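# Coordinate analysis (summary)
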Amino acid sequence: MANLKSLAKDTAIYGLSSIVGRFLNYLLVPLYTVKISAESGGYGVITNVYAYVALIMVLLTYGMETTFFRFANKEGEDAQRVYSTSLISLGFTSLLFVVLVVCFLNPICSFMGYEDHPSYVWTMAVTVALDAFQCIPFAYLRYKHKPLKFASLKLLFIFLNITLNILAFVVMPLFTGEATSVGYAFYCNLACTSIITFFFYKELTGFKYVFDRALMKRMWHYSWPILILGIAGILNQTADKILFPKIYDKPDANMQLGIYGAASKIAMIMAMITQAFRYAYEPFVFGKANDKDSKKTYAKAMKYFLIFTLLAFLMVVGYMNVLRYIIAPDYWDGLKVVPIVMAAEIMMGVYFNLSFWYKLIDRTIWGAWFSSIGCAVLILINVIFVPKYGYMACAWAGFAGYATAMILSYIVGQRYNAIRYPMDEMMAYVLFATILFWLMTYTNNSWHPVLAVATNTALIAIFAVYIFKHDMPAGIISKIRSKIKKH
């Protein structure tokens, strides 16, 4: 239980930066959707470019974040040497990427469909290169258990980005009298990423840089399957947004992609929770791998992860009539994808939890296979159904892709490194949440918004009471009861 408390504490701090940061970043969604109409397709451009960025980010980090944790915690390895080697490797490849993009800028722009806007491409190329390099200093903060600095830098980036975007999209047009180009969203991102780099002064100085080739060879042997896994994983999230303009062969492709991208942002609360849990869980798992009761701890962590993501799912669905105002009304048609995308994110989080069985036994190739198969399912559904059904096919393709990877990881994992997850209890929560979801969907579609919100609040409370009675640790319950008696 002490281990879980430590995990919960770190998750809370990382979650603050992730959830608060993402919430603040949501302020950009209404800003963009108000200032960039759905019909113009401008938000579709932003969605498409950032999908490419997410894929390139995985390529440029090539699994080194997880690899750093594995080798820094590995017996017989020098953690500082691992850190130095990782920094030099990421720094070199990031710089090489920028040089190649600049050299081949015109054909790259032509392939992406931005021949008239090359600045979009080179700006985001430099940005993603800096982000890739920063992943190791950020990982180092997690390794050193410095969640406060980690959280502070993440939040600082968000505040800077929001401020610059407000200046670009709200203040500047007041003086120029003209609408701001979507390219300013990318320029603001580059400026903020560059500024954050300077705050890693302590993490980047005060030690001798050493590149250990033998160590790097061992790290690469460990990381390349994670790279394949990462590519497949990120394609599960971005392939639809990359492929959509190419396979949805209609004049309003960018408009439809913009609607889908904006609506999906509401579903990203699930990604926030998963990311916060991941930041704390990854170093936690590798650090506790040798404990006798580690498998019991992992099983409990999985159960609590599922419980609270289901609670978050119900809260988003229950308050959809309020949350829809995050985006402009001309984007509301896409809100029907939100529950599907959130369900897919929950399965992605479960898959992440399951993935540690092969990471801990250094068989990361399994993850590459699972994610690749899931990605193939996603791409196939997109190619077949998007031309007819549009972005709804994108949402269901993501759901099917994550479900495939999750199920495969569970089945194979139980054979090679079995963990006794409380499946009966977990499935009971899934069934209960599904029933409440359908009730909430009915009230949202059939009742007055105020009455629907009130009813859904009661349904969420029922689910919370169920959690409290069945799975709240006894110590916490006792403390709550004693405080109630005192008052």
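Attention here is on the structure that accompanies the text.

Cut-offs used in this document
- Residues numbered from 1 in each chain as written.
- Predicted model: local features only at pLDDT ≥ 70, side-chain atom pairs only at ≥ 80, totals over all residues.
- Heavy atoms only, no water.
- Helix = DSSP H or I, 4+ residues; strand = E, 2+ residues; numbered from the N terminus.
- Buried < 20%, exposed > 50% of the residue type's maximum accessible area, 1.4 Å probe, protein only.
- Contact = heavy atoms within 4.5 Å.
- Areas by Shrake-Rupley, 256 points an atom, 1.4 Å probe, with all protein chains shown as cover.
- Phe/Tyr/Trp six-rings, centres within 6.5 Å; stacked < 30°, edge-to-face > 60°.

## Some remarks on the overall build of the protein chain
- When you go through the protein chain residue by residue, the secondary structure sums to 22 helices and 0 strands.
- Per-residue burial over the protein chain gives 54% buried out of 487 residues.
- Counting contacts in the protein chain only where the partners sit at least 6 residues apart, residues at least 24 apart contribute 84% of the total.
- Accessible surface, the protein chain: about 22,900 Å² in total, of which carbon and sulfur atoms supply 67%.

## Here's the deal with the packing of aromatic side chains
- Tallied over the full model, the rule gives 34 aromatic pairs.
- When the centroid spacing of 5.7 Å and the interplanar angle of 75° are considered together, the rings of Phe68 and Tyr143 count as edge-to-face. Here Phe68, found in helix α4 (residues 64-72), pairs with Tyr143, found in helix α7 (residues 118-143); they are 75 residues apart in sequence, far enough to count as distant. As far as burial versus exposure is concerned, Phe68 and Tyr143 are alike and both buried.
- Pairing Trp366 with Phe370 gives two aromatic rings, centres 5.8 Å apart and planes at 25°, and the pair type is stacked. Here the residue Trp366 and the residue Phe370 both occupy positions in helix α18 (residues 365-389), the gap between them amounting to 4 residues, near one helical turn.
- A residue is classified by how much of its surface remains accessible, and Phe370, at 3% relative accessible area, is buried.
- Taken together, Phe68, Phe69, Tyr83, Tyr140, Tyr143, Phe207 and Tyr209 form an aromatic cluster joined through their ring pairs.

## A look at unusual backbone geometry
- The phi dihedral of Tyr62 is positive, around 35°, even though this residue is not glycine.
- Relative to the elements of secondary structure, Tyr62 occurs in the loop between α3 (42-61) and α4.

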